[in-house]
Structures are given as structure tokens and as C-alpha cells.
Amino acid sequence: MCPLSPESRRRPSLPPMSHMAMPCPLGQWPLKTDVFGRRQEEGVGDGLPAVYRYYAAPGKRVVGNPADDIPAFLGTQLSLGGLADMLKHLWLAGAERPATPLHLHVALGRQIAIVDRMDLHLLWYNKGRLFVKSVPRFLLDPTFCSSNLQCPDGCACDDPPTDTWCRGIERKVALGFLYTYVCLISSETDFHIANETRLLPRNQDDSPIKWTDWKAFARELVEMHDRNPDMVHPRFLRAELRLSRIDAIHRLTRLPPFRPYIRGWRSYSTLFRDNLAWMATAAVFLALVLTAMQVGLATQRLQNNITFQQASYGFTVFAILGPICAFGLVVLGALFNLVIDLPAAVFGRRRNRAARGTWGQVSQPTP
Ligand SMILES: [Zn+2]
């Protein structure tokens, strides 16, 4: 834990070294504030969700009880997914700055979409949708975090960890995630929006947590971040990330290529409709330029201009081949996704049939 002397809380002048807060050992959970305002003797309760989903094998998603294996559950909940491999490319998707307050997102017309995946937290669509992961109750429980997100004494917290007991990456992700919330909820207005959209957990009696408790928690976290910014995962140095650019990075840096990070379409008709929309816009632009060139060629001044003739020739060829190639790429992309989806669809159907068969046998009354 990190004991803080009253002098160390006074800002902006720094206290003398002898009165400064003791630096937190890197392997420990640094936060002590309990936003639920519970006394120590009340206990922490079960802040875990009812169930969670994880992959038991590639392509095999199962539902499990988080209390059965808490480290595995935390590994799933605090996983950055594909973003962890893109860290050095994230500068393309967002600037290095703290998260924008919630009220400003609302003022910009962004719709808040609640998600459960950590790797989708603060990704935003061009269409005005912002993915936000709600705060899990267990992450605001200092007792739970101290028990499950601390490393054993002497852990080197390597990256990637060599010690199987190391919780360094999960702890950094958790602190980075909470730090984004401190930035998202800066004022009482943001706090009201967060409670209204159920981004924050509530007390046992379904009442919202108190603003004063949240303020104490936020200030403790900011002080921790000021003392040691390395306790936060580097993913969260850039808060909001543009999803279209994450898709582009994913397409160009991962195998197989041309796969977006998240599919924005759920059926092939949607895929063609979305792509035909921008192709129609491009076709209108091409038609305007070709018409202007045709008018230009009718004038005496441009009829004998070699450069204009060459430019007209090149653009005409491009106007013929461009739409054909673009439509061909869309068809190829659809075929590519179809080939990838087919095995999952076939085997998934067989698995479901087998599961239904097993369920039928189990549900049959015993003679
Ligand atoms: Zn460690």
C-alpha cells in the first residue's frame, strides 16, 4: 500500500523529500479508496459477474463461472486482445492524450455503446458511436484487487512475464482502464451521465455510488499516475482510438491479410450495400470530371493541348477500370470471408446437432 502524508496531497508545490509519499512497490495494488463506502468489517461480497465467456480452444467459446478460476477470469476480462500486438502502430489511430470527458462526447453527438471487451474500450466509429466498457464492480474493490492483482514478493514483472504468478500486465491494464474513467468522469455532469448510462456499478440497494467517494477515488488514482506513470499500460496513453484506422492496421499487419479488427457488417447484403454506397459517390465524382473534360475537349484552346489530351486519356481509362477493379475487390473480399466462415458454420452446426443429441439423451426420462 502507499501511505500518503497530508503534505504530499498539497499541490502544486512538492513537499520536501523526507515528507513525500513512499513510492509504491511496483508489484502491489496501489489504490485503497472504496467507492462503495463500506467499512472493513462489512466484507467485500462477490463483485464478480454471474458468468463469463472464454475460448477453451480456438473457435470454441464456452461459458464459465468466474469464481472457479479467478486468475483465468481476470486474464479474459483484462485482455487487450489484438491491440497488444499493435502498440507501436497505435499512433495512427489516436493522439497521445487523456480521455475526453463524457459530456463532451455527448455534445459531439457520439452515441455511447456499452461493451464488455477491454480491447474495444474507447474505440469510436466514424458513424458517431463510441464503445465504452462499463466499470466492473470487482475493479472498484480494493480488497479484491489487492488479493488478485498483486504480484508475489520479488516478482520482476517482466514484459512478457516469465513468472507465471506475475500479475503485472493485468494490473497495468486495470489501472490504465480506471485512469481513463477518471478522465471520462471529471465533473458531476460526467458522473450523472455515467450513472444514467450504467457505466458505473451501483450499491447493493441499487443506489448510485456517492460523488464524494468517486472524487476521493479519482484523486488517489491521479496522484498514483503522477507519481509513477509506468503503472498504467501504454495502450491507455492514447485514450480514444479511431476504429477505421485500427481496422486498417489490422488488415496490413496481421495474417491472414485483409481482415478488419471488427466486422462492421453482419450479412453479405450489408457488406455489398455499404461498399456500393461509397462506389456510387465515387462514380458521381468521376462523371462530373469526365463531363468537364468533354466540355474542355470541345473548346478550341484545349483541343490542341497535348497535356490535356493525355490527362483526359489517362482519366478516361481510370474511370473505366477503377469501378470494375473496386467492385472486383469487394467480391473477392466477400468470397474470402465466405471461405473463412464456412468451416465454422459447418462444424458449428454439427456441434450444435451433437449437443442437441446429447441434451435429448440426458433429458429422456430414465425407465
Ligand atoms: Zn509481477
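Across its full length, the chain holds ten helices and six strands. Residue burial in the chain is summarised as follows: out of 367 residues, 20% are buried. Counted over contacts in the chain with a minimum sequence separation of 6, partners at least 24 positions apart contribute 61%.

Attention now moves to the UniProt feature "transmembrane region" (unreviewed entry) in the chain. Under the feature "transmembrane region" (unreviewed entry), the UniProt entry names residues 276-297 and 317-340. Annotated as residues 276-297, this span is 100% helix and 0% strand, and its ends, taken at the C-alpha atoms, are 31 Å apart. Helix makes up 100% of residues 317-340 and strand 0%, with an end-to-end C-alpha separation of 34 Å.

The subject of this paragraph is unusual backbone geometry. A negative phi holds for most residues other than glycine; trans holds for most peptide bonds. Located in the positive-phi region is Leu122, a residue other than glycine, with phi close to 70°. Turning to its location among the elements, Leu122 is positioned in the loop between β3 (111-115) and β4 (123-124). The exposure class of Leu122 is buried, given the 22 C-beta atoms found within 10 Å. In this model, Asp206 sits at a positive phi of 70°, which is unusual for a non-glycine residue. With respect to the helices and strands, the residue Asp206 is situated in the loop between α5 (188-196) and α6 (211-227). Overall, the presence of 6 C-beta atoms within 10 Å leaves Asp206 in the exposed class.

Before going further, it helps to spend a moment on the pairing of strand β1 (residues 52-57). Within β1, only zero of the six residues are buried, which leaves it mostly out in the open. Connecting β1 to the antiparallel partner strand β2 (residues 60-64) that follows it, the hairpin turn spans two residues, and Gly59 within it adopts a positive phi of roughly 85°.

Position of Met231 among the secondary structure elements: in the loop between α6 and β6 (241-242). Here the alpha-carbon distance between Met231 and Arg171, two residues 60 residues apart in the chain, equals 8.0 Å. Residues contacting Met231, with those up to four places away along its chain left out, are Pro30, Lys172, Leu175 and Met224.

It is at 10 Å that the axes of helix α4 (residues 168-184) and α6 come closest, and there the two elements cross at 120°. In terms of axis orientation, α4 runs oblique to α6. In the crossing of α4 with α6, the sense of the turn from one axis to the other is left-handed. Note on element contacts: α6 touches α4 through Ala218, Leu221, Val222 and His225, opposite Leu178, Tyr179 and Val182. Among the residues making up the contact of α4 with α6, the classes are represented as six nonpolar, one polar and no charged.

Tracing the chain through its elements places Met118 in the loop between β3 and β4. For Met118 and Ser79, which are 39 residues apart along the polypeptide, the C-alpha to C-alpha distance reads 6.3 Å. Contacts of Met118, omitting those with residues within four sequence positions, involve Gln77, Leu78, Ser79, Leu80, Lys133, Val173 and Phe177.

Moving on, we come to the confidence of the model for the chain. The predicted model of the chain averages 80 in pLDDT, with 81% of residues at 70 or higher. Helix α10 (residues 306-363) is the least confidently modelled element of the chain, averaging 73 in pLDDT, while α5 averages 95, the highest of any element. Within the model, the stretch residues 39-44 combines pLDDT values under 50 with three contacts to residues more than four positions away or in other chains. Predicted confidence is poor over residues 355-367, with pLDDT under 50, and the contacts of this stretch with residues over four places away or in other chains come to zero contacts.

Within the largest apolar cluster, 54 residues are counted, with the highest numbers of intra-cluster contacts made by Ala174 and Leu178. Elements supplying a minimum of two residues to this core: α1 (70-77), β4, β5 (129-133), α3 (142-148), α4, α5, α6 and α7 (243-253). Ranked by residues supplied to this core, first place goes to α4 with nine residues. Not counting chain neighbours up to four residues away, the residues in contact with Ala174 comprise Leu78, Leu139 and Leu149.

What follows deals with helix α8 (residues 268-298). One turn of the α-helix equals 3.6 residues, which is why residues spaced by three or four share an orientation. An ideal rise of 1.5 Å per residue puts 45 Å on 31 residues; α8 measures up with 44 Å between its terminal C-alpha atoms. The element α8 is largely exposed, with a buried count of zero among its 31 residues.

This next bit is on the environment of Phe177. With respect to the helices and strands, the residue Phe177 is situated in helix α4. Judged by the 23 C-beta atoms lying within 10 Å of it, Phe177 falls in the buried class. In this structure, the C-alpha to C-alpha distance between Phe177 and Leu139, residues 38 residues apart in sequence, is 9.7 Å. Not counting residues within four places of it along the chain, the set of residues in contact with Phe177 comprises Met118, His121 and Phe236.

Reading the values: rules and limits
- Residues numbered from 1 in each chain as written.
- Predicted model: local features only at pLDDT ≥ 70, side-chain atom pairs only at ≥ 80, totals over all residues.
- Helix = DSSP H or I, 4+ residues; strand = E, 2+ residues; numbered from the N terminus.
- Buried ≥ 20, exposed ≤ 12 C-beta atoms within 10 Å, placed from the backbone.
- Contact = placed C-beta atoms within 7 Å.
- UniProt positions renumbered as here; feature names shortened; annotations may be inferred.
- Pairing = 2+ DSSP bridges.
- Axes fitted to C-alpha atoms, helices over the stretch in contact; angles between N-to-C directions.
- Parallel < 35°, antiparallel > 145°, perpendicular 65-115°, else oblique.
- Left-handed = near helix turned anticlockwise from the far one by under 90°.
- Nonpolar A, V, L, I, M, F, W, Y, C, P; charged D, E, K, R; others polar.
- pLDDT = per-residue confidence, 0-100.
- Core = buried A, V, L, I, M, F, W, Y, C linked by C-beta atoms within 7 Å.
- Expected span 1.5 Å × (residues − 1).

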